[in-house]
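Residues per chain, in single letters:
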Amino acid sequence: QVQLVESGGGLVQAGGSLRLSCTASGVPLSRYVMGWFRQAPGKEREFLSRISWSGGSTEYADSVKGRFTISRDNAKNTVYLQMNSLKPEDTAIYYCAARIRGSTAWSYWGQGTQVTVSS
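This next bit is on the nonpolar core. Core analysis: the biggest nonpolar cluster contains 31 residues, and L4, M34, W36, F68, L81, M83 and Y94 have the highest contact counts within it. For this core, the elements supplying multiple residues, two or more each, are β3 (18–25), β4 (32–39), β5 (46–51), β7 (68–73), β8 (78–83), β9 (92–100) and β11 (113–118). Those residues in contact with F68 that lie beyond four places of it in its chain are R38, L48, Y60, L81, Q82, M83, N84, L86, D90 and Y94.

Attention now goes to the pattern of salt bridges. Close approach of charged atoms allows side chains of opposite charge to pair. Under the criterion given, the structure shown has five salt bridges. We note a salt bridge from R38 to E46, for which the minimum N-O separation is 2.8 Å. Note on E46: relative accessible area 28%, which makes it partly exposed. For the salt bridge of K65 with D62, the shortest nitrogen-to-oxygen distance reads 3.2 Å. Here K65 matches D62 in class, with each residue exposed. Several salt bridges converge on common partners, so that one network encompasses R38, E46, R67 and D90.

On to the environment of G102, then. Relative to the assigned elements, G102 resides in the loop between β9 and β10 (108–109). Taking the relative accessible area as the measure of exposure, G102 reaches 85% and is therefore exposed. Each C-alpha atom, one on G102 and one on L48, is 19 Å from the other, the two residues being 54 residues apart in sequence.

In total, this model carries four aromatic pairs according to the counting rule given. Seen in terms of ring centroids, Y32 and Y108 are 6.0 Å apart; in terms of plane orientation they differ by 90°. Their pairing is edge-to-face. In this pair, Y32 is assigned in strand β4 and Y108 in strand β10, connecting sequence segments 76 residues apart. An identical accessibility class is assigned to Y32 and Y108; each is buried. Each ring, one from F37 and one from W109, has its centre 4.8 Å from the other, and the planes form 55°; the classification is tilted. With a gap of 72 residues between them, F37 in strand β4 and W109 in strand β10 connect regions that are remote in the sequence. Given the relative accessible area of 33%, W109 is considered partly exposed. Among the aromatic residues, ring-to-ring pairing joins F37, F47, W106 and W109 into one connected group. Seen from the ring of Y95, R45 lies directly overhead, with NZ or CZ sitting 4.2 Å from the centre. Stacked on the ring of W53, the Lys or Arg R101 has its end atom at 4.3 Å from the ring centre.

Criteria and cut-off values
Residues numbered from 1 in each chain as written. Predicted model: local features only at pLDDT ≥ 70, side-chain atom pairs only at ≥ 80, totals over all residues. Heavy atoms only, no water. Core = buried A, V, L, I, M, F, W, Y, C linked by side-chain atoms within 4.5 Å. Buried < 20%, exposed > 50% of the residue type's maximum accessible area, 1.4 Å probe, protein only. Helix = DSSP H or I, 4+ residues; strand = E, 2+ residues; numbered from the N terminus. Contact = heavy atoms within 4.5 Å. Salt bridge = Lys/Arg side-chain N within 4 Å of Asp/Glu carboxyl O. Phe/Tyr/Trp six-rings, centres within 6.5 Å; stacked < 30°, edge-to-face > 60°. Lys NZ or Arg CZ within 6 Å of the ring centre and 35° of its normal.

Okay, here's the thing in structure tokens:
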């Protein structure tokens, strides 16, 4: 059973930066593809980024490409999301998720961390 805990959210002014962390417990994170998602009030959950088990492959949604960077440290069982040039529309609850290599289903989710960007 994978347990994911996000941290690093908070209040930041537009143009600022935050780094989110997602730490896993229960199993080695290296077994999983990791992803970041967000959900704003009244909107559906949105895929942001994913990273392969080795860190050698990444993917980004157009809405964050060039501003957000996903990375992972398997030795620390942690995945990160560096968020730069934040905009008010980035305000949302941010979630990390894990899926087993070869699967298309995101099987495990964290509880989320709030990010609020003021204008």
